[in-house]
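# Coordinate analysis (summary)
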Amino acid sequence: MELQQVRYVLAVAETLNFTRAAERCLVVQSALSHQIARLEQELGARLFERTSRRVRLTAAGEAFLPAARQCLEAAERAAAEVAAAVGEVRGRLAVGLIPTVTAVDIPAGLREFRGRHPQVRVRLRVGASNDLSELVRQGALDVAFLGLPPGLRPPGVAVRELARGRLVAVVAPDHPLAARRRVPLSALAAEPFVDLPAGTAGRAQTDLAFAAAGLVRDVAFEVDDAAYIPRLVGPGLAVAMLPAGYVPGLAGVAVVEVVDAPTRVETVVWPGAGPSPATAAFLRLLAIPPS
């Protein structure tokens, strides 16, 4: 089994198309197909079912993928470690972040990082804290910037607290509460809310705060991306609670301080086995000690 064959299999698995996979790998399709056929012969099983209309993984192919990804990631990590030993930073930097991260300026950090380390391939993934921390644990991401309730520590990863802040209420400009400077949670309980899906870390802090106050709220709208929340608040469809550090850049909404607001902790996580050379360099650039 050769690493290039593994790369070809992963490319086909991700695109489900031999032509697009060959284009991604910068190789002619016949060569890619030949190498995958050789690997299938060596393994004694077909990894893909091919028809004139579609390509899909077989059960053997599904079983092959997790270890194949780990194998390729280990090889890339080994090459990056060797480069770091001679003073070079290369390889990949896969960064996860929530849309509302404010403790660090990710774009500015990446701009400086790329200037210093142009040989590093940077990939960004925006998502929910739960999903991102799991991807770090699995090795699919190298580092992730999360927003969590106090006391919640994702398993299997190294965790560093960056900042703490309170949530504020966000309402439509013509909402009756918009004229008030401060309100208690009880003033919001009867309002329809827009929030992240139930069970996510980004929603937990608000759910816990209302429960602790003995209040029940109506989450009428659930969205997967916090960046879309103001789009529903502005027209008056719902109210929301968002990090105080995030709301100054929002347009078309009014911000109201909440007396008994929940606290959110911004954290950064990386694999428990330790950061890669590229990750360690990025964390140092952000003034985050990687150890």
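Summarised in this report is the structure supplied together with it. Owing to the predicted nature of the structure, the values given are computational and were not obtained by experimental measurement. (Residues numbered from 1 in each chain as written. Predicted model: local features only at pLDDT ≥ 70, side-chain atom pairs only at ≥ 80, totals over all residues. Heavy atoms only, no water.)

## A look at the packing of aromatic side chains
- Inspection of the entire model under this criterion finds 4 aromatic pairs.
- A centroid spacing of 6.0 Å and a plane angle of 75° characterise the contact between F18 and F48, whose relative ring orientation is edge-to-face. Of this pair, F18 sits in helix α2 (residues 18-25) while F48 is found in strand β1 (residues 48-50), placing the two residues 30 residues apart along the sequence. By the burial criterion, F18 is buried, and F48 matches it.
- Here the aromatic residues F113, F145 and F282 are joined through ring pairs into a cluster of three or more.
- Sitting above the plane of the F193 ring, R217 keeps its charged end 4.7 Å from the centroid. (Phe/Tyr/Trp six-rings, centres within 6.5 Å; stacked < 30°, edge-to-face > 60°. Helix = DSSP H or I, 4+ residues; strand = E, 2+ residues; numbered from the N terminus. Buried < 20%, exposed > 50% of the residue type's maximum accessible area, 1.4 Å probe, protein only. Lys NZ or Arg CZ within 6 Å of the ring centre and 35° of its normal.)

## So, the packing of α2 against helix α3 (residues 29-43)
- For the pair α2 and α3, the least separation of the axes is 9 Å and the interaxial angle reads 100°. In terms of orientation, α2 and α3 fall into the roughly perpendicular class. Taken together, the residues of α3 that come into contact with α2 (itself represented by F18, T19, A21, A22 and C25) are Q29, L32, S33 and I36.
- Residues of the contact of α2 with α3, tallied by class, amount to 6 nonpolar, 3 polar and no charged. (Axes fitted to C-alpha atoms, helices over the stretch in contact; angles between N-to-C directions. Parallel < 35°, antiparallel > 145°, perpendicular 65-115°, else oblique. Contact = heavy atoms within 4.5 Å. Nonpolar A, V, L, I, M, F, W, Y, C, P; charged D, E, K, R; others polar.)

## Remarks on the environment of A209
- Within the secondary structure, A209 sits in helix α7 (residues 201-212).
- Distance in space between the C-alpha atoms of A209 and L185 is 8.4 Å, their sequence separation being 24 residues.

## Side note on the environment of A63
- With respect to the helices and strands, A63 occurs in helix α4 (residues 59-85).
- A63 sits 127 residues away from A190 along the chain, and the two C-alpha atoms are 49 Å apart.

## With respect to the pattern of salt bridges
- Per the counting criterion, the structure on display carries 14 salt bridges.
- Here R46 and E40 are joined by a salt bridge, their closest N and O atoms 3.8 Å apart.
- Of the residues examined, R46 reaches a relative accessible area of 48% and is grouped as partly exposed.
- The class for E40 is buried, based on a relative accessible area of 7%.
- Look at the salt bridges and you will find they share partners, linking D195, R203, D207, R217 and E222 into a network. (Salt bridge = Lys/Arg side-chain N within 4 Å of Asp/Glu carboxyl O.)

## Remarks on the side chain of T267
- Here T267 is to be found in strand β12 (residues 263-271).
- Classification of T267 by relative accessible area gives buried; the value is 5%.
- In this structure, T267 is in contact with A144, F145, L146, L148, V159, R160, E161 and L162, ignoring residues within four places of it in sequence.

## Thoughts on the environment of A213
- With respect to the secondary-structure elements, A213 resides in the loop between α7 and β9 (218-222).
- For the pair A213 and D260, spaced 47 residues apart in sequence, the C-alpha separation works out to 8.9 Å.

## So, the pairing of strand β5 (residues 143-148)
- Taken across its 6 residues, β5 has 6 buried, putting it largely inside the fold.
- Neither face of β5 is open: one carries V143, F145 and G147, the other A144, L146 and L148, and all of them are buried.
- Of the strand pairs in this sheet, strand β3 (residues 91-97) and β5 are connected by 3 bridges, and their pairing is parallel. Residue pairing across strands places L97 opposite F145, the latter belonging to β5. (Pairing = 2+ DSSP bridges.)

## Topic: the packing of helix α1 (residues 3-15) against α2
- Running from N to C, α1 and α2 cross one another at 130°; their axes reach a closest spacing of 8 Å. The pairing of α1 with α2 is recorded here as oblique in orientation. α2 is crossed by α1, and the crossing has right-handed handedness. On α2, the residues touching R7, Y8, A11, V12, E14 and T15 of α1 are F18, R20, A21, R24 and C25. (Left-handed = near helix turned anticlockwise from the far one by under 90°.)

## Observations regarding the pairing of β12
- Buried residues dominate β12, accounting for 8 of its 9 residues.
- Pairing of β5 with β12 involves 5 bridges; the strand directions are antiparallel. Bridging across to β12, L146 finds its partner in T267.
- Alignment of strand β6 (residues 157-171) against β12, held across 9 bridges, turns out to be antiparallel. Pairing of A163 across the sheet is with E266, part of β12.

Nothing here speaks to function; it is geometry throughout.
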